[in-house]
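# A look at the structure
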Amino acid sequence: MPWPAHTARHNPAMSTAIVWFRRDLRLADQPALTAACAAHERVLPLYIHAPEEEGAWAPGAASRWWLHHSLAALDGQLRERHGHLHLAAGNSLAVLRQVIADTGAVAVYWNRLYDPATIARDADIKRALGEQGVEAHSSNAALWCEPWRIATQQGEPYRVFTPYWRKLRQQLDDVVPLPVPPLRCADAGASLPLDALGLPPVPDWARGFADWTPGEQGADEMLELFADDAVHAYATARDVPARHGTSRMSPHLHFGELSPRQIAHRLHIESSRTDTRRRPDIEPYLRELGWREFAHHLLYHFPKTPTDNFNGRFDRFHWAARDEHALTRWQRGMTGMPLVDAGMRELWATGWMHNRVRMVVASFLTKNLRQHWLEGARWFWDTLVDADLANNTMGWQWVAGSGADAAPYFRVFNPVSQSQRFDPEGAYIRRWVPELADAPGKLVHAPWENPAWLHASAYPQPLVDLKTSREDALAAYGAIRG
């Protein structure tokens, strides 16, 4: 079911409204902010820290680091416009009621989120505010098309990406993002200091995240860089982990520092202003954003999938017993598989991992080690700056074979052949696995082929044999095929 209808009790002109910021930390193309500014004399920008309301998937450590800096950036933007971001912590409804009492606000505006716990929370708040006589307005700021607006001819949710994308793609042209509205900010008295929210991880293992610039300006700069440069070679360069061939906009999208509408609009402008012989093919990247939309479509219609197999047949799959030693070596990038270890070390150092490598490390965990995909999903949730419940769930279930439109059960990513193909000189591996920086030639992909050199390098022996572990995985998958 879609969201409850807006309540409307009186004309709010010449009044105050609350704009409740969540994961929409921007001023441009901000439907809730735009609507509030158009209908009310003053707006109060408010952020409420209530991680317990997100249930089992409260933000992980890397996400909290990003959130801290993104909130600071948004507050800075508002101060340039003679306002500020009011910070509070506690039960969201209780905080909203207190701020309403302090300001005399007659309406609350927010942009919708699609995580199961948040949907239930927001529906309760909208109902409670309506009963109190306060208008509650929610908008779409995160997606091109909300999950309930696309269905098969039978009125069912899509379970396969290609037909879903075919229908969604028809709606993406001629989208024009909203400009930053004129702001007249209200005040609600004392605000919590940002540090009081306790967001950055302790101890501070996020010092290596310095290459990121959270906030709307950082998102704009990343989009500009991608549109001017990387999008031209995206179709091929996106698979090369040693290059900046991907957009790296995923954390900005997750925290709503820019919208998919802004991205599509900017890429269409770039395409139209370029000579037809050199015009970039933006379709491969738009299709990748389509996967993000599909992930939210699935999460909305199948809200148990963050913990339950999408394909019920996998409830019978024989996972190996939880292996703490193997999990620790995987998390620390000490599996003895160079591409896997490079990816896991990049993740720990930067809060991000190249998408091609994400598939490889996930396949190694779920198929070669046969550890449950939830073990990987939870580790990514805590360590990725772009940890997103919809994307994380779909990605892990896709690799494990248990998800919608999943990789076939017999597809086991071989980390050696993957690095030979996509990192042939070993540049990515040599950067993140310094023990292999001086590995001669192709030995960088499979150092165990020279036992004497491997011993001298202090790089670990492989955790498992690739051939044997693949055969074991295929046998386990084959047992549930019927």
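To keep things clear, this report deals only with the structure shown in the data block. These figures come from a predicted structure and were not determined experimentally.

Its twelve residues place the ends of helix α3 (residues 92–103) 16 Å apart at the C-alpha level, agreeing with the 16 Å of an ideal helix rising 1.5 Å per residue. Taken as a whole, α3 has its buried residues at Ser92, Leu93, Val95, Leu96, Val99, Ile100 and Thr103. On an axial view of α3, the arc spanned by its buried residues comes to 160 degrees, and they lie on one face. If you check the start of α3, you find a side-chain oxygen 3.1 Å away from the backbone N of Leu93, and it comes from Asn91. Residue Gly104 follows α3 closely and has a positive phi angle near 70 degrees.

Before going further, it helps to examine the pairing of strand β2 (residues 42–49). The element β2 is largely enclosed, with a buried count of seven among its eight residues. Sheet topology note: the strand β1 (residues 16–21)/β2 ladder contains six bridges and is parallel. From the neighbouring strand, Trp20 faces β2, where its bridge partner is Leu46. The pairing of β2 with strand β3 (residues 86–89) spans four bridges and is parallel.

Here we come to the environment of Ser250. Along the chain, Ser250 turns up in helix α8 (residues 250–254). Taking C-alpha positions, Ser250 is 23 Å from Phe302, a pair spaced 52 residues apart along the chain. In this view, Ser250 contacts Trp352 and Asp386; residues no more than four positions away in its chain are not counted.

General note: in soluble globular proteins, nonpolar side chains tend to be found buried as a group. The biggest cluster of nonpolar side chains holds 125 residues, and the ones touching the most others in it are Leu71, Ile263, Leu267, Trp330 and Phe380. Here this core gets eight residues from one element, more than from any other, and that element is helix α2 (residues 61–80). Core analysis: the second largest hydrophobic core is formed by 22 residues, Ile48, Ala50, Val134 and Ala136 among them.

This part takes up the pattern of salt bridges. Summed over all chains, the structure comprises 21 salt bridges. Note that Asp124 and Arg127 form a salt bridge whose closest N and O atoms lie 3.0 Å from each other. Pair noted here: Asp124 and Arg127 are both in helix α4 (residues 116–132), with a separation of three residues, about one helical turn. For Arg127, a relative accessible area of 46% puts it in the partly exposed group.

Reading guide: rules and limits
- Residues numbered from 1 in each chain as written.
- Predicted model: local features only at pLDDT ≥ 70, side-chain atom pairs only at ≥ 80, totals over all residues.
- Heavy atoms only, no water.
- Helix = DSSP H or I, 4+ residues; strand = E, 2+ residues; numbered from the N terminus.
- Expected span 1.5 Å × (residues − 1).
- Buried < 20%, exposed > 50% of the residue type's maximum accessible area, 1.4 Å probe, protein only.
- Arc of directions from axis to C-beta.
- Polar contact = N/O pair within 3.5 Å; in protein donor to acceptor, adjacent residues only side chain to side chain.
- Pairing = 2+ DSSP bridges.
- Contact = heavy atoms within 4.5 Å.
- Core = buried A, V, L, I, M, F, W, Y, C linked by side-chain atoms within 4.5 Å.
- Salt bridge = Lys/Arg side-chain N within 4 Å of Asp/Glu carboxyl O.

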